Amino acid sequence: MSLLKVENLSVHAGSKALVSNLSFTLEKGERLGLIGESGSGKSLTSLAITGLLPSGIIPTGSVHLAGQEIIGTPDRQLDRLRGTAAAIVFQEPLTALDPLMRVGRQIAEPLARRARRDGQSLDSHELTLNVNSLLTEVALGEHERVARSYPHELSGGQRQRVAIAMALACRPDLLIADEPTTALDVTTQAEILALLDRLVRDRNMALLFISHDLPVVANSVNKIIVLRQGEAVEAGAVEEVFTRPRHDYTRSLLTAARQFDAALEGQK
Ligand SMILES: Nc1ncnc2c1ncn2[C@@H]1O[C@H](COP(=O)(O)OP(=O)(O)O)[C@@H](O)[C@H]1O
Ligand SMILES: [Mg+2]
């Protein structure tokens, strides 16, 4: 059984289709890139997969995640799956973080929740050890200082590392990264990309990597779906889409990215 099976997923706001008839599967450990320009329906797709669509936005079709149908299932039944089956890392780390809570406690909460679900309980010493080991895993040093910090006391890159640590705390089978580097400067982007790549492989998680930027995901995924105005216009193995794009829209995404790179080179 696939970890994630999406069949004819559509998402509507009133009569307006925002995502149309999207189908794909993701096996354990597989890495898929979902690419498209801003407004093409990428984030709504990730929210539909996790049952987190805002009210008034209606999904139809089927999303089967870790043996559970998501569409039409009441919220409280989905709580069990959130975090453990799939966790999302958002574009803006502050989305995931509570501004008024120290970072160490924010990482400890999902750790304790996951332990309870597994029928264990962690005392405060064990929780601290586990928080520190996650901080090490996301390459954040100075554990004590970081754990005692509030989100605003950290840099954007450090905050995204904390958000990634929180996602990992639940030990999800599927990590959804929704433009996880778009809000960061270029150097930090490269570091976070490398970190995500390492974690996904080390933990053998499946990855749904969402980006408007095809080259950003190319090294991190095996296959790609190109979304345009809510419709999949192209899908295939990453080398294939890169070297032989079939759709004009994919070609234009590639050309735009290459022109941007060339412009950056020109500035040096
Ligand atoms: N709550 C909402 N109500 C109505 N339309 C929405 C809502 N959220 C997003 N949309 C629209 O759905 C489309 C896809 O949005 P989104 O999935 O966020 O795009 P992406 O993540 O690819 O940039 C956009 O045209 C957006 O304006
Ligand atoms: Mg988005």
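This text goes with the structure placed above it.
Definitions and cut-offs
Residues numbered from 1 in each chain as written. Chains lettered and ligands numbered in written order. Predicted model: local features only at pLDDT ≥ 70, side-chain atom pairs only at ≥ 80, totals over all residues. Helix = DSSP H or I, 4+ residues; strand = E, 2+ residues; numbered from the N terminus. Expected span 1.5 Å × (residues − 1). Buried ≥ 20, exposed ≤ 12 C-beta atoms within 10 Å, placed from the backbone. Arc of directions from axis to C-beta. Contact = placed C-beta atoms within 7 Å. Pairing = 2+ DSSP bridges. Axes fitted to C-alpha atoms, helices over the stretch in contact; angles between N-to-C directions. Near = placed C-beta within 6 Å. Core = buried A, V, L, I, M, F, W, Y, C linked by C-beta atoms within 7 Å.

Q: Can you tell me about helix α4 (residues 124-137), naming the residues and giving the values?
A: The terminal C-alpha atoms of α4, which comprises 14 residues, lie 20 Å apart, in line with the 20 Å expected from a rise of 1.5 Å per residue. Taken residue by residue, α4 has Val 131, Leu 134 and Leu 135 as its buried positions. Taken around the axis of α4, the buried residues stretch over an arc of 100°, which confines them to a single face. Among the exposed residues of α4, those oriented more than 90 degrees off its buried face are His 125, Leu 129, Ser 133 and Thr 136. As for α4, its buried residues are in contact with α3 (103-117), α5 (143-148) and α6 (156-169). Directly beyond the C-terminal end of α4, a positive phi value near 60° is found at Ala 139.

Q: Just give me the short version of the sheet that holds strand β7 (residues 174-178), but keep the residues and values in it.
A: Ordered in space as β6-β7-β8-β3-β9-β10, the six strands form an open sheet in which the pairing is mixed. The two strands at the open ends of the sheet, each matched to only one other strand, are β6 (86-89) and β10 (231-237). Taking each pair of neighbouring strands and ignoring which way they run, the sheet shows an average axis angle of 15°.

Q: Please set out the site of ligand 1 residue by residue, giving values where relevant.
A: Taken together, the residues surrounding ligand 1 are Ala 13, Leu 18, Gly 36, Ser 38, Gly 39, Ser 40, Gly 41, Lys 42, Ser 43, Leu 44, Pro 54 and Ile 57. Take the shell around ligand 1: its biggest share by element is three residues, from helix α1 (residues 42-49).

Q: Go over the nonpolar core, please, and point to the residues and values.
A: Ranked by size, the top nonpolar core spans 70 residues in total, and within it Ile 107, Ala 165, Leu 174, Leu 175, Leu 207 and Leu 208 carry the most contacts. For this core, the element with the highest residue contribution is α6, accounting for eight residues. If sequence neighbours within four positions are ignored, Ala 165 has contacts with Ile 107, Leu 134, Leu 135 and Val 138.

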